[in-house]
Amino acid sequence: MLGRMRSAKDAEAYLARLNRQFEEVGEKPGTYVLPSNGTQIALRVDTPLVVLRVHIGDVAKGDGEVALFRRLLQLNAKGLVHASYGLEDDRVVLSAALELENLDFNELEATLDEIDVALAQQLPELRKLAQK
């Protein structure tokens, strides 16, 4: 028996069940902003994916780039399971993508928990490195 296709409403229901503060933004349904550790997580339901993204900071050109990129790779390898750091133009982002079709409560909870912990533990160090 086939289950029904998941939608933005399912993601919204999971966020409510997690007691997460969130606000729907934009003209198209399925884009949410969630506060987390002094910053915001953007959650976008964009079939076939649910994409979570946090802008960590801008990268200053200079000698500190190598140290920052090295640290991001170390954190990706040892400190993250569901999410990863990357570069988008000159911005450091933390992002994760989940399959909407198979999205379940526990998966979204684990991903959000990992992002929350990464922001709490790693954000100050990464922002310093990004400014060098």
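Right above here is the structure, for reference.
Attention in this report is confined to the structure presented alongside it. Sequence positions are assigned chain by chain, starting from 1 and proceeding in written order. Totals for whole chains, interfaces and linings use every residue, but because this is a predicted model, local features are given only for residues with pLDDT of at least 70 and side-chain atom pairs only at 80 or more, for both listing and counting. For the side-chain quantities, the full set of heavy atoms in the structure was used; hydrogens and water were omitted.

1. Let's talk about the packing of aromatic side chains
Here comes step 1: Any pair of Phe, Tyr and Trp rings, taking the six-membered ring for Trp, is counted once the centres come within 6.5 Å. Such a pair is stacked with planes under 30 degrees apart, edge-to-face with planes over 60 apart, and tilted for the rest. Counted according to the given criterion, the structure contains two aromatic pairs.
Here comes step 2: Ring geometry for Y14 versus F105: centroids 6.0 Å apart, planes at 75°, classification edge-to-face. Placement of the pair is Y14 in helix α1 (residues 8-17) and F105 in helix α3 (residues 105-131), with a sequence separation of 91 residues.
Here comes step 3: A relative accessible area of 10% places Y14 in the buried class.
Here comes step 4: In this scheme, a residue with accessible area under 20% of its type's maximum is buried, one over 50% is exposed, and one in between is partly exposed, where area comes from a 1.4 Å probe on protein chains only. Residue classification places F105 among the buried residues on the basis of a relative accessible area of 13%.
Here comes step 5: Centre to centre, the rings of F22 and Y32 are 5.7 Å apart; their planes meet at 80°, and the pair counts as edge-to-face. Taken together, the residues F22 in the loop between α1 and β1 (23-24) and Y32 in strand β2 (residues 31-36) connect sequence positions ten residues apart.
Here comes step 6: Residue class for F22 comes out partly exposed when judged on its relative accessible area of 28%.
Here comes step 7: The class for Y32 is buried, based on a relative accessible area of 1%. The secondary structure listing takes helices from DSSP runs of H or I that are at least 4 residues long and strands from runs of E that are at least 2 residues long, numbered from the N terminus.

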